[in-house]
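Remarks on the overall topology
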Amino acid sequence: MTTRYEEPGRTARAANAVVRWLAELGISIAGTRALRVRGRKSGKPRTVVVNLLSVDGGDYLVSPRGDTQWARNVRAAGIVEVGPRWRRRPARASELEDAAKPEVLRSYLARWYWQIKDYVGGLTPDSTDEQLLAGAPRIPVFALAPAG
């Protein structure tokens, strides 16, 4: 399997920096949250903005751009912090198996398709389970649970 990572362009990086700054202040735009994770190489805390999905009482992180730096860091660290600077809550992140992803991906697409449609390989909120299963290996999904 080839690793897929669609790196954001200059404009997307600038917009993400502004949205991340707002998320760190506790201002959410369309469900954004600040995610803080230890870098797998540097060991330094890295903060990015993500769309936190809640489904049936569980929280999920989805990386529609593929195997991004933050997804690799989450995979390596296993522990993340979510929320604004003064109210970060630690969480344990575990990656979902591909077979468990379709329902989460469908919910994620239903909520943020307008924002991520160019990064999900033709998947839509109306994609069949078979289509979602076929796309699942290219989209990392992490379930969050309280740390400790």
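Notes on the structure in this doc start here. (Residues numbered from 1 in each chain as written. Predicted model: local features only at pLDDT ≥ 70, side-chain atom pairs only at ≥ 80, totals over all residues. Heavy atoms only, no water.)

1. Some details on the nonpolar core
Heads up, the rule is: In this description, a nonpolar core means a group of buried Ala, Val, Leu, Ile, Met, Phe, Trp, Tyr and Cys residues linked to one another through side-chain atoms lying within 4.5 Å. The buried label applies to any residue whose accessible area, calculated with a 1.4 Å probe on protein chains only, is under 20% of its type's maximum; exposed applies above 50%, and partly exposed to all values in between. Each helix is a run of DSSP H or I of at least 4 residues and each strand a run of E of at least 2, with the numbering of both proceeding from the N terminus.
Of all hydrophobic cores here, the largest spans 18 residues; its most connected members are L53, Y60, V62, V104, L105, I139 and V141. Where this core is concerned, the elements lending two or more residues are β2 (45-55), β3 (58-62), α3 (102-116) and β6 (141-146). Per element, the largest residue contribution to this core is six residues, and it comes from α3. Of all hydrophobic cores here, the second largest spans 15 residues; its members include L35, V37, V74 and A77.

2. Section: the packing of aromatic side chains
Operational definition: Planes of paired rings set the category: under 30 degrees apart is stacked, over 60 is edge-to-face and the rest tilted, where pairs are Phe, Tyr or Trp rings (Trp by its six-membered ring) whose centres lie within 6.5 Å. Ring-over charges, as used throughout, are those where CZ of Arg or NZ of Lys falls within 6 Å of the ring centre and within 35 degrees of the ring normal.
Here the structure, examined in full by the defined rule, presents two aromatic pairs. Ring centres of Y108 and W112 lie 4.9 Å apart, and the angle between their planes is 50 degrees; on these two criteria the pair is classed as tilted. Remark: W112 and Y108 occur in helix α3; sequence separation between them is four residues, near one turn of the helix. One exposure class covers both Y108 and W112, and it is buried. The ring of Y119 is capped by R65, whose NZ or CZ atom sits 3.9 Å from the centre of that ring.

3. Thoughts on the pattern of salt bridges
What counts here: By convention in these notes, a salt bridge is any Lys or Arg side-chain nitrogen within 4 Å of a carboxyl oxygen on Asp or Glu.
Counting across every chain of the model gives seven salt bridges. Here R75 makes a salt bridge to D67, at a shortest N to O gap of 2.8 Å. Relative accessible area serves as the criterion here: at 36%, R75 is assigned to the partly exposed category. What you see here is one network of salt bridges that share partners, running through D67, R72, R75 and E95.

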